[in-house]
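Now for the letters of each chain:
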Amino acid sequence: MKKLEKERIYRKTEPQKNMLNSLIVLVVILDQTKGNTRININDLLRKPRNVGKVFNLDIIELTGHLYQLEKLGHIKVVRTAGLDVIKIITLPLGIRSLLQQNCILESR
């Protein structure tokens, strides 16, 4: 949130690039899929308590995180014939150890 100087207007701002780890985005996605292996990209962006709303992401930033997660092998982005979905490859149980390993490696 950003407070304007003279007025009491608060505006939601997008996170700075590289401030949001793509693995955190994955955790929110896994939480919101509730065990399903597919989720619509528009749902990720617009539904309450999903990554677009939680982190105030636009479609460009969300797509960047999704493709980063695809490079890491956690999801598969399918954007064919208007079928904008992602397939979850990472099992939710394995994400905790993955996050712990990543945090340990980054702290060194």
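Presented here is an overview of the structure given in this document. All residue numbers here refer to positions counted from 1 along the written sequence of the relevant chain. Per-residue local features are limited, in this predicted model, to residues with pLDDT of at least 70; the limit for side-chain atom pairs, both in listing and counting, is 80 or more; totals at the level of whole chains, interfaces and linings are taken over all residues. Hydrogen atoms and water are omitted, and side-chain values are computed over all heavy atoms in the structure.

1. What about unusual backbone geometry?
Among all residues except glycine, the phi angle is most often negative; among peptide bonds, the trans geometry is most common.
Here is step 1 of the chain: Within the chain, Arg-49 stands out as a residue other than glycine whose phi angle is a positive 65°.
Here is step 2 of the chain: Secondary structure counts use DSSP, requiring at least four H or I residues in a row for a helix and at least two E residues in a row for a strand, with both numbered from the N terminus. The topology assignment puts Arg-49 in the loop between α2 (41-46) and α3 (51-54).
Here is step 3 of the chain: What makes Arg-49 exposed here is its relative accessible area of 65%. Here's how the labels work: a residue is buried when its accessible area is under 20% of the maximum for its type, exposed when over 50%, partly exposed in between, all with a 1.4 Å probe on protein chains only.

2. Brief notes about the environment of Ile-39
Here is step 1 of the chain: In this fold, Ile-39 is placed in strand β3 (residues 38-40).
Here is step 2 of the chain: With a relative accessible area of 10%, Ile-39 lands in the buried category.
Here is step 3 of the chain: Sequence separation between Ile-39 and Ile-29 is ten residues, and the spatial gap between their C-alpha atoms is 8.5 Å.
Here is step 4 of the chain: By the convention used here, residues are in contact when the closest approach between their heavy atoms is within 4.5 Å. Apart from the residues within four sequence positions on either side, Ile-39 is in contact with Ile-29, Thr-33, Leu-44, Asn-50, Val-85 and Ile-86.

3. So, the sheet that holds β3
Here is step 1 of the chain: For two strands to count as paired, DSSP must find a minimum of two bridges between them. Sheet architecture is open: three strands sit in the order β3-β5-β4, paired in antiparallel fashion. A strand with exactly one partner marks an edge of an open sheet, and here the two such strands are β3 and β4 (75-80). Across this sheet, the average inter-strand angle for adjacent strands is 25°, counted without regard to direction.
Here is step 2 of the chain: By the bridge criterion, six bridges tie β4 to strand β5 (residues 83-88) in an arrangement that is antiparallel. Here, axes are lines fitted to C-alpha atoms. For helices the fit covers the stretch in contact, and angles between N-to-C directions go from 0 to 180 degrees.

4. Considering the pairing of β5
Here is step 1 of the chain: Pairing analysis gives three bridges linking β3 to β5, with the strands arranged antiparallel. Looking at β5, one finds that Ile-39 is bridged to Ile-86.
Here is step 2 of the chain: Taking the residues between adjacent antiparallel strands as the criterion, β4 and β5 are bridged by two residues, where Ala-81 takes a positive phi near 50°.

5. Here's the deal with the nonpolar core
Here is step 1 of the chain: What makes a nonpolar core is a set of buried Ala, Val, Leu, Ile, Met, Phe, Trp, Tyr and Cys residues whose side-chain atoms join them at distances within 4.5 Å. Within the largest apolar cluster, 20 residues are counted, with the highest numbers of intra-cluster contacts made by Ile-29, Leu-44, Val-51, Leu-62, Leu-66, Ile-75 and Ile-86.
Here is step 2 of the chain: Among the secondary structure elements, those contributing two or more residues to this core are α1 (22-33), α2, α4 (59-72), β4 and β5.
Here is step 3 of the chain: Take this core: its biggest share by element is six residues, from α1.
Here is step 4 of the chain: Excluding its chain neighbours within four sequence positions, the residues that come into contact with Ile-29 are Ile-39, Leu-44, Val-51, Leu-66, Ile-86 and Ile-88.

Just geometry here; none of it tells us what the structure is for.
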